[in-house]
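If you want the building blocks of each chain, they are given just below.
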Amino acid sequence: MERAQFARLTKRALPIAGVFLVLLFAGLAIQKGAAWLKQRRENRQYLAVSNLTPDRLIARCGQPAEDATHDMYPMISREMRYSSPGGRNVVLAFSRTAEEGSGWVFLSIKDAQNDLAYDTPSAQIAALPCLDSTK
């Protein structure tokens with residue numbers, strides 16, 4: 001009698017346990033997928049900003065409103081000003097050595113009005129959305 005009762009209870013409990021396990025694994029998969037998408041977006045933004053040069057900037061965002069180069073031997077600095085969608089002016093700073101063939105190095109993005117610096121790649125892309133490679 002006990003075996004029959006146990007079998008009846010098991011028949012009822014197994015589908016409930018199966019549904020619970022499926023929901024648990026689905027929740028874990030959604031959580032891992034969201035984390036993966038967030039990491040992928042952050043990596044893309046980091047690469048878009050870390051590989052930035054004046055030529056790439058012009059290719060992505062067009063001609064700047066202002067482009068100034070300053071020769072401070074042995075360094076050359078370059079500041080490019082763009083209007084961001086929020087109506088702000090954003091200044092991007094680059095530098096390179098005065099040697100022939102040296103490459104530009106991206107330094108910073110700042111707000112021209114209040115000298116606010118955008119430190120993270122996501123903040124930099126938010127300040128100037130044309131930097132994002134997906135747009």
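Above this note sits the structure.
If you're wondering where the values come from, they're calculated on a predicted model, not measured in any experiment.

Draft legend 1. Focus on the packing of aromatic side chains. What the rule picks out here adds up to one aromatic pair. Here the guanidinium or amino end of Arg78 rests over the ring plane of Trp104, the centre of that ring lying 5.8 Å away. One Lys or Arg, Arg96, reaches over the ring of Trp104 and ends 5.1 Å from the middle of that ring.

Draft legend 2. The state of the cysteines, seen in detail. The tally for this structure, following the rule as stated, stands at one disulfide. Across a sulfur-sulfur distance of 1.8 Å, Cys61 and Cys130 are joined as a disulfide pair. For the disulfide bridge between Cys61 and Cys130, the dihedral angle about the S-S bond is near 100 degrees, and by the sign convention the bridge is right-handed. One end of the pair, Cys61, is in helix H2 (residues 54-61); the other, Cys130, is in the segment after helix H3 (121-127), and 69 residues separate them in sequence.

Draft legend 3. Looking closely at the sheet that holds strand S1 (residues 66-72). The four strands are arranged S1-S2-S3-S4 in an open sheet whose pairing can be described as antiparallel. What marks the edges here is a single partner per strand, and that holds for S1 and strand S4 (105-111). Going across the sheet, the axis of each strand differs from the next one's by a mean of 20 degrees, ignoring polarity. Direction of pairing for strand S2 (residues 75-83) relative to strand S3 (residues 89-97): antiparallel, over a ladder of nine bridges. Each residue of the ladder has a partner; that of Arg78, found in S3, is Phe94.

Draft legend 4. Structural view of the environment of Gln63. For Gln63, the location among the structural elements is in the loop between H2 and S1. Residue Gln63 is classed as exposed on the basis of its relative accessible area of 63%. Taking C-alpha positions, Gln63 is 9.4 Å from Arg81, a pair spaced 18 residues apart along the chain. If we skip the residues at most four places from it in the chain, Gln63 touches Ile58 and Tyr82.

Draft legend 5. Expanded view of a nonpolar patch on the surface. Residues Phe20, Leu21, Leu24, Phe25 and Leu28 make up a contiguous nonpolar surface patch of roughly 510 Å² in combined accessible area. Note on placement: Leu28 falls in helix H1 (residues 2-50). Leu28 gets classed as partly exposed once you look at its relative accessible area, which sits at 39%.

Draft legend 6. The arrangement of the nonpolar core in detail. Ranked by internal contacts, the top residues of the largest apolar core, which has 17 residues, are Leu57, Leu92 and Leu131. Elements with a contribution of two residues or more to this core: H1, H2, S2, S3, S4 and H3. Here this core gets three residues from one element, more than from any other, and that element is S3. When sequence neighbours within four positions are dropped, the list of residues in contact with Leu57 reads Leu52, Gly62, Met80, Tyr82, Leu92, Phe94, Leu128 and Leu131.

Draft legend 7. Focus on the pairing of S2. Across seven bridges, S1 lies against S2 in antiparallel orientation. Each bridged residue has a counterpart across the sheet, and for Thr69 the counterpart in S2 is Arg78. Connecting S1 to the next strand, S2, in antiparallel fashion are two residues. Hairpin connection of S2 to S3: five residues between the antiparallel strands, including Gly87 at a positive phi of 85 degrees.

Parameters at a glance
Residues numbered from 1 in each chain as written. Predicted model: local features only at pLDDT ≥ 70, side-chain atom pairs only at ≥ 80, totals over all residues. Heavy atoms only, no water. Phe/Tyr/Trp six-rings, centres within 6.5 Å; stacked < 30°, edge-to-face > 60°. Lys NZ or Arg CZ within 6 Å of the ring centre and 35° of its normal. Disulfide = S-S within 2.5 Å. Helix = DSSP H or I, 4+ residues; strand = E, 2+ residues; numbered from the N terminus. Pairing = 2+ DSSP bridges. Axes fitted to C-alpha atoms, helices over the stretch in contact; angles between N-to-C directions. Buried < 20%, exposed > 50% of the residue type's maximum accessible area, 1.4 Å probe, protein only. Contact = heavy atoms within 4.5 Å. Patch = residues over 30% accessible without salt bridge, like charges linked within 9 Å, V, L, I, M, F, W, Y side chains within 5 Å. Areas by Shrake-Rupley, 256 points an atom, 1.4 Å probe, with all protein chains shown as cover. Salt bridge = Lys/Arg side-chain N within 4 Å of Asp/Glu carboxyl O. Core = buried A, V, L, I, M, F, W, Y, C linked by side-chain atoms within 4.5 Å.

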